[in-house]
Structure formats: C-alpha cells, structure tokens
There are 2 protein chains.
Amino acid sequence: MKRTIYLDHAATTPVHPKVLEAMLPYFSEQFGNPSTIYGLGQEARKAVEDARSTVADILGCKPKEVIFTSGGTESDNAAIKGAAFALKDKGNHIVTSSVEHHAVLETCHQLEDYGFETTLLRVDCTGIVTPGAVAAAITPRTTVISIMLANNEVGTIEPIAEIAAMLRTSHPGRIVFHTDAVQGGGSLDINVERLGVDMLSLSAHKFYGPKGVGILYVKQGTPFSPQQKGGAQEMNRRAGTENVPGIVGAAAALRLATENREANNATCRRLRDCFIAGVEARIPDVQLTGHPEMRLPNNASFCFMYVEGEAILLHLDFANIAATSGSACTSGSLDPSHCLLAMGVPHDIAHGSVRFTFGHENTEAEVDEVLNVLTQIVERLRAMSPVGRARKKSA
Amino acid sequence: MKRTIYLDHAATTPVHPKVLEAMLPYFSEQFGNPSTIYGLGQEARKAVEDARSTVADILGCKPKEVIFTSGGTESDNAAIKGAAFALKDKGNHIVTSSVEHHAVLETCHQLEDYGFETTLLRVDCTGIVTPGAVAAAITPRTTVISIMLANNEVGTIEPIAEIAAMLRTSHPGRIVFHTDAVQGGGSLDINVERLGVDMLSLSAHKFYGPKGVGILYVKQGTPFSPQQKGGAQEMNRRAGTENVPGIVGAAAALRLATENREANNATCRRLRDCFIAGVEARIPDVQLTGHPEMRLPNNASFCFMYVEGEAILLHLDFANIAATSGSACTSGSLDPSHCLLAMGVPHDIAHGSVRFTFGHENTEAEVDEVLNVLTQIVERLRAMSPVGRARKKSA
C-alpha cells in the first residue's frame, strides 16, 4: 500500500521515536506506582518529577505549577471548571470566544447548568479576538476568561499577551485568565510569564508525544477546585495513579519540540507557503481562511467554493492523502465549522472547508503531489456540481 | 543491584510483554486520530472499537456500554457524579461503604458541596458490607449506591450479586448500582449480568495493562451525565482524543488476564496461602486482616502488633522487597488505614499494617526469602520498641 501523505498534524502527530524510546522502560521494567515508598516506586516518582521539571523549565514556571492530566480536553475542563467553581462565591460569569475548541465551549455550556453565564466573544473575519472585545465583556461578576492561543481550524494566533496586559492593568488580580494552548504547543512560545496567563492547557499528542496525556499549568495562588477526586497525586489537584510512561513521553516530546522549534517551524512554513501559493495559483475561487500572517506556521486552511469539503477529503483519502475539514473532534457532524461561521464565512462557502496542517517530516515532493491531486479533485467535483458548472459557464 | 521481590500487585503491575507488543504499532505507525475519516484515522478507530468489543465480551455487555477513561479514579468519579447529577431531580442521597477506595469516598464527599448527602455503611470485622445494611440505608431520596467488588487493602470480596438481587427485588429500576471493581479486575468474575450492576469501574494497570487507562461500564438506559465535555468521543460520554495505544493495551491485558485467570489465581493463592501460614507459624502477635475466605486470591494483609507498618516497609525495602501499608493512593499519610479503623481494628494495631499482594510471576523461593527477612525485621523492631520488649518479658 502506498504511503500516506499526512497533512493533518493539527489532529494528531506520530510519537517521535526518541519519545517512545524514553517511555519504554516505564511500561514493564520501572513500572512502580509513584505513590509507593520502596525503590521501584521512587524510581517512577523521580521520572514523573523530572518530567514535571522539564515542562516547568519550558513553560517558565515552578514545577509545582504543572499538573499532568489525561489530555487537552481534560486540561480545559479542569481549568475552567476548577477556577469557576473555586470562585463561585465571587461571580458566575465566564468570557470566552466563539472560535474556541469544543473542549472550552462545551465546558462553559455545561457550567450554565450550575448557574454560570457565558459571554461568547465575536471575532473578526480573520478569527482574531481583540483585547478591546474582552475588556468590553467583563462585568463585576466575571471570574474566568478563556481564550485560545491558536485556533485549531484556521490557525489564527490570538493576542494572548495583549489580553493579559489589559487584564493586569484594568482588573488586577481579579479574574483567572486561561488559555487553551493545545494547538500552539510545540510551535509557539508558551512561556507563561511572557503570555501572562494564570492557566494554560497542552496536549502531548499534538507535538509528537503520546495520546492520553495533557498538561495543565496553574499559576501558584490561582483559585482551583480539583475535578477528579480520590488521591493526593499531582499535589492534591488531580487524583489517580500517574500515567508514568505517558508523562515521561509528554515531557520528552515537549523538550524535543522546543529544542527544534525554529527549524521545524521554518520547514513547515516553507512547505505551507509553497502549498498556499500553489493552491492560489492553480485553483480558482478559493479562499484562505484565518489570519494571513498571525497564523500557525503549519496551517493552510481554505474554503473551496462550489464544492463540499467532505467530498474533497474522501477523494484525497483515495489518493492516500490525509487532511480534514476542521476539528477532528467534530468529524462526523454535518454542520459547517462553528469557527468559520463565527468569522462571518457564509454557510455555503463554509461547507467547502479543508484544513491542511504540515509537519517537519513532510517534503516538497509531497506538496507537489498534493497540489496536483487536489487541483484535479476540485476541478472534477466542480464539473460534477450544477453550481460549479453554472459558475464556469458564466466566467 | 539485586532484583526486587515485588509483592505489591494491588498497587500496580508491570505491563505484560504481550500487552506492550499489542500497543506498540499505535504510537508511531498507526497513529491516526480515530475521529478522522481517512485511512490512518479509521485504522485507529477500528483498533479502539475492536478493543471495546473485547472488553464487552469479557464483561458480558454490549460494546456501546463500554467507555474508555484515563483510569480507575476517573471511572469512579465519572460513574458516581454521572449518575448523581443525572438523577438530581429525583433525589440527592448516595449510599456507599466506609471501606471504599478514596476515589469513591472523596467523590461522594465532593458531591456534598452540590447538595448531595452520603451514608457511609459500616462493615463487620472482616470488611463485609451486607445486603441488609445496604437495604436499611436506602431512603426515598437514594439515587446511587456504590459498593466495591473487592477491597484494595485487605482483599475482602463484597457480596455484589446479593446486593444487586436485593435491589432488583426491593427497589426495581429505581437506584443506580455502581461497583468499583478496580481491585478485582483480572482475578474475579466481572460479568456484569452475573454481578447485576448498572456501572462498573476498572483500571488497566491493575491487571498487567498500562497506567493511564480505565474502563467504565454503563448499562444501557442508565442515567448518565458526562463529566468531561468537548467532543463526541466515546458516544458523547467522554470527550477527548482516544488514548489509542492505551485502549488497545487495556483490552489486550484484560483478555490475557481473563484467559489465564484460573491458572494465575491458583498460583497466587498457593503462594499467598504458603506465605500466610509461614507468617502465622513464625511471627507471634500477628493478625490477618480482612475476610479469611472471601478475599482476593493474591492478598495477604496483616497487622503486626507492637511495631509500625512503615518501619517494616522501610526495612523490607532495604532488602529489595516491595510491599505497602495499605492503599498506594494514601501513602505518605500518617493516619492509619480508614479501612482497618472501619473494621474495628484499634488505632495502635492498625498502625502495624502491611499488605503483601502476589502476582503470578512470584515464586516459592521469593516467599521463603520474604518470610525469612520479614521474621527478622519484626523481631528486631520489636526488640527495639519499649512496648515490644515489655510484651516479650511478660510472655
């Protein structure tokens, strides 16, 4: 079988061989439970605490501010619920944006069952949330603000540091500011001091680490009510036996991604820019979605007019090319992307969305091949569609 | 360094080599996100669904009744909160036992912040919860009952099928019955029809599977409010990208444990009985805790009078023998076991508790060595302790 050309690195990434190598001893050899006092347990404890220090170094925080979770979704749930419930006597208002991942949106929605209210901020046509929009939404009852570092569908990078600066100036020490950095982990600066956030979520499998492991930064002093109870693990903030190999893998992957960030970003950006230029040169009636510059270096997301994104994806799959129409977490849904609609993309155009996200292991030859295949697919699909044919005749 | 004699299989187990082998392809090769529609994603989807079918076959349920979680603690939290919140309009009373794992006890305790009330059932001196005690605690407001299948500290097996039968007869279809089967997974029958439960929690790393993966059975039709939101995974009951290798490993481990259950139990029982007999023959003033017969085949838990359990453990560790004083999740705490106190063991005697839990890879030679070392340790510690010396003189 022909090798897959994988252009869906925003959905997940393969575990890097060095990461797997770092994890392997902790499955069957150094398998102790870190909560036990004997040697085998203490080896596992040391592995977890070394991983915590590695992550803390990269985030620019203290090790005790790092909590290991089961993934980005748990990190988002734990952060927002953790802060909202801890502060429920001070207020019940949460501010977030209309382009967040569902892990944030549905968490806020669930909190409405417990008396919380959510303001969903509008974004401009590039997907940007402005500090002004955040400021305007704050009420005396606002306790939590959650704005993503980078959008998972269109790659737009949000001005997190500017929002944090506004909060520090206008509402010092009053509101917990969380960022879902799941999509930016590995490619963007996630130093929590520079970002100015109180909480930050990451997911290891987005940066060549294992699935089933997430990271949650919780700044010291941040009100936090743990959601998973039943043991003293993670400094009483996340009960349950630690996923030792997973935690070791998450830290190894984050270190590897950070060490190679500039080189990997340059590779992705070069391939991505070449791909965008090729698409725009060869396929008419296509619209790049998201911000033209403030976007993840590996993201090329488009709306192809007069065709269904899903149809393009199926044909790409026949050609062994992996891409997606938006968030992997909403695949199977027939509704167009909530992000694109929030950015003002009309319903019919949003249906033609396809996201290509590059990795440092992709090649120029792959870009060329995908360009050729994609051009043919879009042409063929448009020829088959009444709208596409009408469009062509009138042109 | 001398090889560790590992007698703490209740805390965690090494991943079985065959289990690791089954997991390996899903880290870096078949690494797709199961929520994507292309081949690589669908391979991962198939792996997850095959794992779900394997688990369902063993539990005797439908695949769609199986939810994969991040561990036993999450399963317990998700089960109890999931049912309690879903039924909050019908009642606010939860019944559980005083010997449950903290994952159950602290979850119930947390629910008290949301207006729920908990009845903690007393147990007899062997740790048994009787169906009569459960029946007596039920009120018209009772919505959830959670009783463990087997105790993690003393190994007592609870009469789950009898409790379920009582509920079916006296309160048909009214109360959700959950069992924390984390400690019995692998060694006990966990067929949900025979047990008669609505929900059942398992943790893969207790039966030679990986850490960071749990299983939650939720019987079709059971009211269930998901705790982790943000995606349609696990049939909308547990959001977040699936831990594909972990899920594959959990199913492989459960299958292996089930296939070899009788043989493994026989090995453990033989070693364990030999060990108990040796301890009782060679060490005076020792009390086997838990039920004499209705106990996990691998559990030997004792209170050694006139000595601290922690001191024994430290000396065992010097001799490269791994055991623990109770639940790994409460290590570091100076309080004696809540289980032993609930069973009526006096405070000073409970301080002398040590739990040895065998695995099928243990040997008779190891049992002999541990017996020799343990006898010397207890003798030496008692000789050093004023209470121990006084006891010896008066004897």
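Scope of this entry: the structure provided in the associated data block.

Once that is clear, we can look at the environment of Ile157 of chain A. Residues and elements named next belong to chain A. Looking at where Ile157 falls in the secondary structure, it is placed in the loop between strand E5 (142-146) and helix H7 (160-170). As a C-alpha pair, Ile157 and Ile145 span 12 residues in sequence and 17 Å in three-dimensional space. Those residues in contact with Ile157 that sit more than four places away from it in its chain are Ile128, Leu149, Ala150, Leu188, Met294, Arg295 and Leu296.

Let's shift gears to unusual backbone geometry. Residues and elements named next belong to chain B. Even without glycine at this site, Met235 takes up a positive phi of about 50 degrees. Among the secondary structure elements, Met235 is positioned in helix H9 (residues 233-236). On the basis of relative accessible area, Met235 is assigned to the partly exposed category, the value being 34%. The backbone phi angle of Tyr306 is positive, close to 70 degrees, even though this residue is not glycine.

On to the environment of Ser97 of chain B, then. Residues and elements named next belong to chain B. Note that Ser97 resides in strand E3 (residues 93-97). For the pair Ser97 and His171, spaced 74 residues apart in sequence, the C-alpha to C-alpha distance is 19 Å. Within the structure, the side chain of Ser97 is placed 3.2 Å from the backbone nitrogen of Val99, a separation counted as a polar contact. A distance of 2.8 Å separates the side chain of Ser97 from the side chain of Glu100, its partner in a polar contact.

Glancing now at the relation of the copies chain B and chain A. Relative to chain A, chain B is turned by 180 degrees and slid 0.0 Å along the rotation axis, the superposed coordinates differing by an RMSD of 0.0 Å. Taken together, these values place the two copies in the relation of a two-fold axis. Among all residues of chain B, the one whose C-alpha sits closest to the rotation axis is Ser70 of chain B, at a distance of 3.0 Å. Looking at the interface residues of chain B, 100% of them are also at the interface in chain A, so both copies use one shared face.

Criteria and cut-off values
Residues numbered from 1 in each chain as written. Chains lettered and ligands numbered in written order. Predicted model: local features only at pLDDT ≥ 70, side-chain atom pairs only at ≥ 80, totals over all residues. Heavy atoms only, no water. Helix = DSSP H or I, 4+ residues; strand = E, 2+ residues; numbered from the N terminus. Contact = heavy atoms within 4.5 Å. Buried < 20%, exposed > 50% of the residue type's maximum accessible area, 1.4 Å probe, protein only. Polar contact = N/O pair within 3.5 Å; in protein donor to acceptor, adjacent residues only side chain to side chain. Least-squares fit on C-alpha atoms with pLDDT ≥ 70 in both.

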